[in-house]
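Observations on chain architecture
Chain residues, written in single-letter form:
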Amino acid sequence: MAAEPGALALHEAARALAASVQPQVAAVLFVSAACTVALAALLAVLRLRPPWWCACPVCEAYLTASWAGEFDNLCDWYAHLLRASPAQTVHVHVLRNVLTANPATVDHMLRGRFDNYPKGAPFSAILADFLGRGIFNVDGDAWLFQRKLAAAELASPALRAFAVRVVASELRSRLIPLLHSASREGRGRVLDLQDVFRRFAFDCICKISFGLDPGCLELSMPVSSFENAFDVASTLSARRATVPMQVIWRLKRFFNLGDERKLRDAVRLVDRLAEEVIRQRRKLGGAASGSDLLSRFMGSINDDKYLRDIVVSFMLAGRDTVASALTAFFLLLSDHPEVAAAIRDEVVRVAGDDDRLTASTFNKLKDMHYVHAALYESMRLFPPVQFDSKFAAGDDKLPDGTAVAKGTRVTYHAYAMGRMESVWGPDCGEFRPERWLRGGRFVPESPYRYPVFQGGARVCIGKELALMEMKAVIVAVVRSFDVEAIERSSRRPRFAPGLTATFAGGVPVRVRRRARVRGHGPPI
């Protein structure tokens, strides 16, 4: 009889333990069942259309990554394929992607059949977590509304004057002093030029677009967790597009696994940054005051989630593309000192021998045709956005005869186009700014041969602002410093994955101040 209370207590303890673990057991069983269903669905999809269904050499090389044995970058392999194609078009069947470097096809996509080649739902899904309903990720009325509003503001003399003041201030008070300080340290302090230009461009876009100064161009400050999150979100969003079947990343996203978990964490930080930008703008006066773009958007939009998407899109456009273009430009210049000398000659001829950053200097940028040509030539070889994709809304036939089924991804490859003899001649691989000059004056090419800023209805609305910023940096830096890349060359670049062209490992440089520079004058 004495054992009965003990047995009863043991029985009660067992029941309590079972009750306590019941929710966990149920959760494990639910997850196991969900995984089983997901695996069954995936196997069903694989039976219908396995990723290796196409036995062509292109698809086999893509799936096995055997192309990496000969090429450093996927974009170089694509350029090789497109050069070898008589139609300058190739089909990567496992991605259901038609790639082209044919100017007639680019014209067809961006102008002739514009309505048939929107961004499309598949593209929007790939970037939805990062870019949301921002201008780069939407079609139709949402795209048109943002474009009209931004285009009207960017064209206003007040905003252009404001942008000039911002760029001049960043050059005068931050970038030039930073380079000067680096040049005075022994043989020259080594800087990661890509990091410097990202910080510079981020400061500029935050001031111009949001009326806020993050002060990133203080190299004593570590790169913020927000900037890291932005880079991670860009990289992992781009990686989604390289997966043969979207169901793979969608399942990883559903179960919050691997890259998708990292992407979710990064986007959460980006959201916090965007929310803080909006909060600070409201604190400073919001739409009622300020010359920045966000203030203008706030006057028409009350949805903070929508404003967040707009903020992130402007950050992507204003920081990553400008930084990418400037980094590539100075990497090329390091390999071509004769181009730097020609730029200095033109600056002296047009702006005089006065090295001060004045309003007059900015006004004369438009007369520096060789500078403009050198920048365009650099972006021909190293476009900040290497390719751009659309999704066919309906069946179509491209000018080269390629049949395109509804839902097919069609990509024009600007990086490959800059390396096509059929487009630029036998010297297409050379950095030669003179190809853009006629009688010493810059002459543009068709945007469908040179789609760096896109073309047609979606042509970049921030083009003139970006060109002003980049040319101002080039003039200020080239006439004051020699920039030498260390163990990096433009002849064999290595890129990191991302939505914009990023040099893997950065671009370490040594900066030397030119002896003839007099210094910089008073504020504008």
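The structure this text deals with has already been given above.
Everything in this summary refers to the structure shown in the same document. The numbering scheme is per chain: residues are counted from 1 as the chain's sequence reads. At least 70 in pLDDT is required for a residue's local features to be given in this predicted model, at least 80 for side-chain atom pairs to be given and counted, and no such filter applies to totals for whole chains, interfaces and linings, which use all residues. Hydrogens and water are ignored here; the side-chain numbers use all heavy atoms of the structure.

**As for the overall build of the protein**
Operational definition: Numbered from the N terminus, helices here are DSSP runs of H or I no shorter than four residues, and strands are runs of E no shorter than two. In what follows, residue pairs with any heavy atoms lying within 4.5 Å of each other are defined as contacts. Computed with a 1.4 Å probe, the accessible areas rest on the Shrake-Rupley method; for each residue, only the protein chains presented here act as cover.
Looking only at helices and strands, the protein features 19 helices and 13 strands. Within the protein, contacts between residues at least 6 apart in sequence are counted, and of these 74% link residues at least 24 apart. Counting only carbon and sulfur atoms, one obtains 58% of the accessible surface of the protein, whose full area is about 23500 Å².

**Digging into the packing of helix H8 (residues 193–210) against helix H19 (residues 463–478)**
A pair of packed helices is characterised by two quantities: the angle between their axes and the separation of those axes. Here is the rule we go by: Only the stretch in contact is used when fitting a helix axis, every axis being a line fitted to C-alpha atoms; angles between N-to-C directions are given from 0 to 180 degrees. Any angle from 65 to 115 degrees is called roughly perpendicular, while one under 35 is roughly parallel, one over 145 is roughly antiparallel, and all others are oblique. The hand of a helix crossing depends on one turn: near helix anticlockwise from the far one by less than a right angle means left-handed, and clockwise means right-handed. Just so you know the grouping, Ala, Val, Leu, Ile, Met, Phe, Trp, Tyr, Cys and Pro go in nonpolar, Asp, Glu, Lys and Arg go in charged, and all remaining residues, Gly too, go in polar.
Closest axis-to-axis distance for the H8/H19 pair is 12 Å, and the angle between their directions is 135 degrees. Between H8 and H19, the angle falls in the class oblique. For the element pair H8 and H19, the recorded crossing hand is right-handed. Contacts from Phe-197, Phe-200, Ala-201, Cys-204 and Ile-208 of H8 reach H19 at Leu-465, Glu-469 and Val-473. Across the contact of H8 with H19, the residue classes break down as seven nonpolar, no polar and one charged.

**Re the sheet that holds strand S2 (residues 97–100)**
Applicable threshold: At least two DSSP bridges between two strands are required for those strands to pair.
Taken together, four strands build an open sheet; the order of strands is S1-S2-S7-S4 and the sheet is mixed. Edge positions in the sheet fall to strand S1 (89–92) and strand S4 (387–391), since each has one partner strand and no second. The mean angle between the axes of side-by-side strands here comes to 20 degrees, regardless of whether they run parallel or antiparallel.

**Focus on the pattern of salt bridges**
Selection rule: For salt bridges, the criterion is a side-chain nitrogen of Lys or Arg within 4 Å of an Asp or Glu carboxyl oxygen.
The final tally for this structure, using the stated rule, is 37 salt bridges. Between Asp-231 and Arg-319 there is a salt bridge, and its shortest N-O distance comes to 2.3 Å. On the criterion of sequence distance, the pair formed by Asp-231 in helix H9 (residues 225–240) and Arg-319 in helix H13 (residues 304–335) is long-range, its members being 88 residues apart. A network of salt bridges, in which partner residues are shared, links Arg-133, Asp-271, Asp-303, Lys-305, Arg-308 and Asp-309.

**A word on the layout of surface pockets**
In plain terms, the rule: Note on definitions: the grid is 1 Å and covers protein atoms alone; a cavity is a set of points where a 1.4 Å probe fits but cannot get out; a pocket is an open set with protein on both sides within 12 Å along at least five of seven lines; lining residues have an atom within 4 Å of a point. Grid points are joined across faces, edges and corners, and a volume is the space filled by probe spheres set on the points.
Roughly 700 Å³ of volume is contained in the second largest pocket. In terms of lining, the second largest pocket is formed by 31 residues, of which the most central are Arg-160, Glu-464, Leu-465, Leu-467 and Met-468. Going through the elements one at a time, helix H6 (140–154), helix H7 (157–183), helix H15 (359–363), helix H16 (369–381) and H19 are the ones with two or more residues in the lining of the second largest pocket. Per-element accounting of the lining of the second largest pocket gives the leading share, six residues, to H19. The residue inventory of the lining of the second largest pocket, partitioned by class, reads 21 nonpolar, four polar and six charged.

**A few points about helix H11 (residues 258–283)**
In an α-helix there are 3.6 residues to a turn, and that puts residues three or four apart on one side. For clarity, the cut-off: Expected span, for any helix, means 1.5 Å times one less than how many residues it has.
Here H11 spans 38 Å end to end across 26 residues, near enough to the 38 Å set by a 1.5 Å rise per residue. Among the structural elements, helix H5 (121–131), H8, H9, helix H10 (246–254), helix H12 (293–298) and H13 are those in contact with the buried residues of H11.

**Some remarks on unusual backbone geometry**
To be explicit about the condition: Partly exposed describes any residue whose relative accessible area lies between the buried limit of under 20% and the exposed limit of over 50%, with all areas from a 1.4 Å probe on protein chains only and scaled to the type maximum.
Unlike most non-glycine residues, Ala-65 shows phi in positive territory, near 60 degrees. As for its placement among the helices and strands, Ala-65 is situated in the loop between helix H2 (57–64) and helix H3 (74–84). A relative accessible area of 39% means that Ala-65 is categorised as partly exposed. Its identity is not glycine, yet Glu-487 carries a phi of approximately 55 degrees, on the positive side. Within the element layout of this structure, Glu-487 appears in the loop between strand S10 (481–485) and strand S11 (495–496). With relative accessibility at 79%, the residue Glu-487 sits in the exposed group.

**Considering the side chain of Asp-320**
Our working definition: Within 3.5 Å is the distance limit for a polar contact, defined as a pair of N or O atoms, with the added protein rule that one can donate a hydrogen and the other accept it, and that residues adjacent in sequence qualify only through two side-chain atoms.
With respect to the helices and strands, the residue Asp-320 is situated in helix H13. Overall, Asp-320 belongs to the buried group, its relative accessible area being 3%. A polar contact is formed between the side chain of Asp-320 and the side chain of Arg-319, at a distance of 2.6 Å. If we skip the residues at most four places from it in the chain, Asp-320 touches Phe-230, Met-315 and Thr-500.

**So, the packing of aromatic side chains**
Our working rule: Each Phe, Tyr or Trp ring, with Trp reduced to its six-membered ring, pairs with another whose centre is within 6.5 Å; inter-plane angles below 30 degrees give stacked pairs, above 60 give edge-to-face pairs, and intermediate values give tilted ones.
Following the criterion strictly, the structure yields 21 aromatic pairs and no others. With centroids separated by 5.9 Å and ring planes inclined at 45 degrees, the aromatic side chains of Phe-114 and Trp-143 adopt a geometry described as tilted. With Phe-114 in the loop between helix H4 (103–112) and H5 and Trp-143 in helix H6, this pair connects stretches of sequence that are 29 residues apart. Owing to a relative accessible area of 9%, Trp-143 belongs among the buried residues under this scheme.

**Digging into the pairing of S4**
Of all five residues making up S4, four are buried, and the element is well covered by its neighbours. When S4 meets strand S7 (residues 409–413), the two strands line up antiparallel, connected through five bridges. Bridge pairing links Asp-388 to Tyr-412 in S7.

**Thoughts on the environment of Leu-333**
For Leu-333, the position within the fold is in helix H13. Along the primary structure Leu-333 and Asp-482 are separated by 149 residues, whereas in three dimensions their C-alpha atoms are 9.4 Å apart. Those residues in contact with Leu-333 that lie beyond four places of it in its chain are Val-339, Ala-340, Ile-343 and Val-478.

**Considerations on the nonpolar core**
Nonpolar side chains in soluble globular proteins generally cluster together in the buried interior. Keep this limit in mind: Remark: nonpolar core denotes a set of buried residues (Ala, Val, Leu, Ile, Met, Phe, Trp, Tyr, Cys) joined through side-chain atoms within 4.5 Å.
Ranked by size, the top nonpolar core spans 156 residues in total, and within it Leu-171, Phe-330, Ile-343 and Met-379 carry the most contacts. If one sorts the elements of this core by residue count, H13 sits on top with 18 residues. Once you skip the residues sitting within four places of it in the chain, Phe-330 turns out to touch Leu-193, Phe-197, Val-473, Ile-474, Val-477, Val-478 and Val-483.

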